[in-house]
Amino acid sequence: MSGYMYDLLVIGGGSGGVRASRWAAQQLSKPKVGLVELPFTPEKGGLGGTCVLRGCVPKKLLWYGGHYGHDFHDSEGYGWRPGKIEHEWKPLMEKKRAEMSRLNGIYSNILKNANVEVMEGFGKVVDKHTVQIGDKKVTAGTILIATGAKPHMIDFPGKEYAISSDELLNIEERPAKMVVFGAGYIACEMACILAGYRTEAHVVYRAEHPLRGFDNDCRKFVAEQMEVNGVHLHPSRVPVSIEAKDKKYSVTIKSNKDGSTEVITDVDVVLMATGRAPNVDGLGLEQVGVEMSDDKSIKVNAISQTNIDSIYAIGDVTNRMQLTPVALYEGMCFANTVYGGKRQEPKYENVPSAVFTTPPMGVCGLTEEDAIAEYKDVDVYMSSFRTMVHTLSGSKERSMMKMIVDPKTDKVLGIHIVGKDASEIIQGFGAAMKCDATKAQLDSTIGVHPSSAEELVTMRSATRQVRDGKVVEK
């Protein structure tokens, strides 16, 4: 340990930091590993981090609950007569908070059992081997920054009335009417979740389609299905102002095409979901010489090391790929490299992920646009259909599946699913793509019948072919 108090000191007790610290401790014969995290409150801090306490996990719980709002209605097509449906928000939030406290405790036990010492407080880097925690200083051979990201709030008149997803997931009363600024996955998910509880949800965004960065066909399709499920979309619009009166808000928005304005009145909650920024404020990184990007993310090399040889960083704070499982993966790669004697560089190809809209979307690999840019020649297979469950439910919701293939090698470059169980389906196909699955291999796979997933192994004819970057006319 070369005279330092710790072999490793991790700043940040989210998914990546916890995984890195406990995995590092397992690699050491006599581990001395410490982790610094703020005390747990509903709005900030706590072991488990954003994903577990105020992100993925509580969001998914509320997503499950919101789906009952649709399911009760759909059940009538199957002969059920559910009668008057009412929902109580406060008991739901109480159960949700209890679950967050339970998970926070589980993470504490995980670290205790791994011989990782947890220190509550805010960690500030003083020099390449020293961290200030409150009124004490601790030293470590290696410092790992895993502080994640925080909501980015844009500036316009009345912005102080808007809240972030952190506050929305702890809101005391369900809003009857909500306006969401932004159209990334957080914005779209929150709008769909609240719409399931019968909130009138409006999504305002400057682009023509939501979910920038995803496949364009999927973006259009998700937007259509969101509207089918009751979400009001306002594309090509930007915020002008929020005005408060009698505990309600009036939200003025403007078209970025013709400059016309409109006002959304009687709004209970305005959600700002306009991206996330690296959580580096007050860490002292710039003062000790750690190089940062223009967006304040920490620059790292292939093994998550900064320009200061004893300081590393993983997860959203590096802005490589903002996904919890990726932060876990980066944490394991870091521990294996630094303490396991096995250099392991994170690889970011074919990472499956999901967006929990209604219906959800699951994706893995390249979008059609990125595949064309990289390969020039691609075959696109696509299908849109009404799933079996909705043939009797009466719902107009549809599903879509899309596959992008390299015609030269037959390798599957991308799979994109919008529809019920998309997140579950894409996990299996993600594993296949990690093994360099070909279209012929999928074609030779026997489908599970009847299921939506079988569509991906029965796509025989290309919807379109692209050669040298241009669609081949049939």
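The structure this text deals with has already been given above.
Residues numbered from 1 in each chain as written. Predicted model: local features only at pLDDT ≥ 70, side-chain atom pairs only at ≥ 80, totals over all residues. Heavy atoms only, no water.

**What to know about the overall build of the protein**
Short version of the rule: A run of H or I in DSSP becomes a helix once it reaches four residues, and a run of E becomes a strand once it reaches two; helices and strands are each numbered from the N terminus. Our radius of gyration is a C-alpha quantity, and the globule rule it is checked against amounts to 2.2 Å times the number of residues to the power 0.38. Three exposure classes are used, based on accessible area relative to the maximum for each residue type with a 1.4 Å probe and protein chains only: buried under 20%, partly exposed in between, and exposed over 50%. Only heavy atoms matter for contacts: two residues are in contact if any of them lie within 4.5 Å across the pair. The protein chains shown are the only cover counted for residues, whose accessible areas, like all others here, come from Shrake-Rupley with a 1.4 Å probe. For this count, His and the chain ends are skipped, Lys and Arg are scored as positive, and Asp and Glu as negative. Lys charges are placed at NZ, Arg charges at CZ, Asp charges at CG and Glu charges at CD.
Of regular secondary structure, the protein possesses 12 helices and 23 strands. Relative to the 2.2 N^0.38 estimate, which gives 23 Å for 474 residues, the radius of gyration of the protein is 24 Å and therefore close to what a compact globule would have. Seen through its C-alpha atoms, the protein measures out along the principal axes to roughly 70 × 65 × 45 Å. For the protein, buried positions account for 50% of its 474 residues. The contacts in the protein between residues at least 6 apart in sequence include a share of 64% that link residues at least 24 apart. Summed over its atoms, the accessible surface of the protein is roughly 22,300 Å², and 50% of this surface lies on carbon and sulfur atoms. Between the averaged position of the 57 positive side-chain charges in the protein and that of its 60 negative side-chain charges there is a distance of 2 Å.

**Some points on the environment of proline 325**
Along the chain, proline 325 turns up in helix 8 (residues 324-338). Assessed through its relative accessible area of 57%, proline 325 is described here as exposed. Along the primary structure proline 325 and serine 353 are separated by 28 residues, whereas in three dimensions their C-alpha atoms are 9.1 Å apart.

**Some remarks on the sheet that holds strand 14 (residues 269-272)**
The strands making up a sheet associate through backbone hydrogen bonding, with each pair oriented either parallel or antiparallel. What counts is decided by this rule: Strands are labelled as partners when DSSP assigns at least two bridges between them. The axes are straight lines fitted to the C-alpha atoms, using for helices just the contacting stretch, and the angles between their N-to-C directions are given from 0 to 180°.
Within the open sheet, the 4 strands sit side by side as 10-9-8-14. Their pairing is parallel. Both edges of this open sheet fall to strand 10 (232-234) and strand 14, since each of them pairs with a single strand only. Each strand axis lies, on average, 20° off the axis of its neighbour in the sheet, ignoring direction.

**So, the packing of helix 3 (residues 56-75) against helix 4 (residues 89-113)**
What counts here: In a left-handed crossing the near helix is turned counterclockwise from the far helix by less than a right angle, and in a right-handed crossing that turn is clockwise. Basically, the charged four are Asp, Glu, Lys and Arg, the nonpolar ten are Ala, Val, Leu, Ile, Met, Phe, Trp, Tyr, Cys and Pro, and anything else, Gly included, counts as polar.
In contact at an axis separation of 11 Å, helix 3 and helix 4 are set at 150° when each is read in the N-to-C sense. Classified by chirality, the crossing of helix 4 by helix 3 is right-handed. For the pair helix 3 and helix 4, contact is made by Val57, Pro58, Leu61 and Leu62 and by Leu92, Met93, Lys96, Glu99, Met100 and Leu103, respectively. Tallied by class, residues from the contact of helix 3 with helix 4 come to 8 nonpolar, no polar and 2 charged.

**A short note on the layout of surface pockets**
One simple way to see leftover space: roll a probe sized like a water molecule over the atoms. What counts here: Lining residues are those with an atom within 4 Å of a point, where the points come from a 1 Å grid over the protein atoms alone and group into cavities, where a 1.4 Å probe fits but cannot get out, or pockets, open sets with protein on both sides within 12 Å along at least five of seven lines. Grid points are joined across faces, edges and corners, and a volume is the space filled by probe spheres set on the points.
As a volume, the second largest pocket reaches approximately 680 Å³. Looking at the lining of the second largest pocket, the elements with two or more residues in it are helix 3, helix 10 (389-393) and helix 11 (422-434). Of the residues forming the lining of the second largest pocket, the biggest block, 11 residues, is contributed by helix 3.

**A look at a nonpolar patch on the surface**
Heads up, the rule is: Note that patches include only residues with greater than 30% relative accessible area and no salt bridge, and the join distances are 9 Å for like charges and 5 Å for nonpolar side chains (Val, Leu, Ile, Met, Phe, Trp, Tyr). When a carboxyl oxygen of Asp or Glu lies within 4 Å of a side-chain nitrogen of Lys or Arg, that pair is called a salt bridge.
A cluster of nonpolar side chains, contributed by Tyr78, Trp80, Val389 and Leu392, occupies part of the molecular surface with about 450 Å² of accessible area. Assignment of secondary structure puts tryptophan 80 in the loop between helix 3 and helix 4.

**Let's talk about the nonpolar core**
Put simply, the rule is: The definition of a nonpolar core used throughout is a set of buried Ala, Val, Leu, Ile, Met, Phe, Trp, Tyr and Cys residues joined through side-chain atoms within 4.5 Å.
Leu168, Val180, Val203, Met226, Val231 and Met361 are the most contacted members of the largest nonpolar core, which totals 41 residues. Listed by contribution, the elements that provide at least two residues to this core are helix 3, helix 4, strand 8 (177-181), helix 6 (185-196), strand 9 (200-204), helix 7 (216-228), strand 14 and strand 18 (361-365). Those residues in contact with valine 203 that lie beyond four places of it in its chain are Val180, Gly182, Ala191, Met226, Val231, His232, Leu233 and His234. Counting 24 residues, the second-largest nonpolar core is a separate cluster that includes Leu47, Tyr107, Tyr312 and Ala335.

**What about unusual backbone geometry?**
For the peptide bond that leads from threonine 358 to proline 359, omega is 0°, which places it in the cis range. With respect to the helices and strands, proline 359 occurs in the loop between strand 17 (353-355) and strand 18. The amide bond that connects histidine 449 to the next residue, proline 450, takes the cis arrangement and shows omega of -5°. With respect to the helices and strands, the residue proline 450 is situated in the loop between helix 12 (439-443) and strand 22 (464-467).

**With respect to the pattern of salt bridges**
One pass over the full model with this rule turns up 25 salt bridges. Between glutamate 117 and lysine 32 there is a salt bridge; the shortest N-O distance is 3.6 Å. Of the two residues, glutamate 117 is situated in strand 3 (residues 116-120) and lysine 32 in the loop between helix 1 (15-27) and strand 2 (33-37); the sequence distance between them amounts to 85 residues. For lysine 32, a relative accessible area of 33% puts it in the partly exposed group.

**As for the sheet that holds strand 13 (residues 261-267)**
Spatially, 11-12-13 is the arrangement adopted by the 3 strands of the open sheet, whose pairing is antiparallel. Each end of this open sheet is capped by a strand with a single partner; those strands are strand 11 (237-245) and strand 13. Strand-to-strand, the axes of this sheet are offset by a mean angle of 20°, without reference to chain direction. With 8 bridges joining them, strand 11 and strand 12 (residues 248-255) adopt antiparallel strand pairing. By the bridge assignment for strand 12, serine 241 is matched with threonine 252.

**A few points about the side chain of asparagine 229**
Cut-off, in case you're wondering: As used in this structure description, the phrase polar contact means that two N or O atoms lie within 3.5 Å; if the pair is within protein, one of them must be able to donate a hydrogen and the other to accept it, and residues adjacent in sequence are counted only when both atoms belong to side chains.
As for its position among the elements, asparagine 229 is in the loop between helix 7 and strand 10. Looking at asparagine 229, the relative accessible area reads 14%, which means it is buried. In this structure the side chain of asparagine 229 is engaged in a polar contact, spanning 3.0 Å, whose partner is the backbone oxygen of glutamine 225. Dropping the residues within four chain positions of it, asparagine 229 is found in contact with His70, Ala195, Thr358, Pro359 and Glu397.

**A word on the pairing of strand 2**
Put simply, the test is: If the strands point away from the viewer and the path from the first strand over the helix to the second runs clockwise, then the crossover is right-handed.
A large share of strand 2 lies buried, amounting to 5 of its 5 residues. Burial along strand 2 is two-sided: the face carrying Val33, Leu35 and Glu37 and the face carrying Gly34 and Val36 are both buried. Bridge count between strand 1 (residues 6-11) and strand 2: 4 bridges; the pairing is parallel. If you follow leucine 8 over to strand 2, its bridge partner there is valine 33. In this fold, strand 1 hands off to helix 1, which returns the chain to strand 2; that crossover is right-handed. Note: strand 2 against strand 3, 5 bridges, orientation parallel. Pairing of glycine 34 across the sheet is with glutamate 117, part of strand 3.

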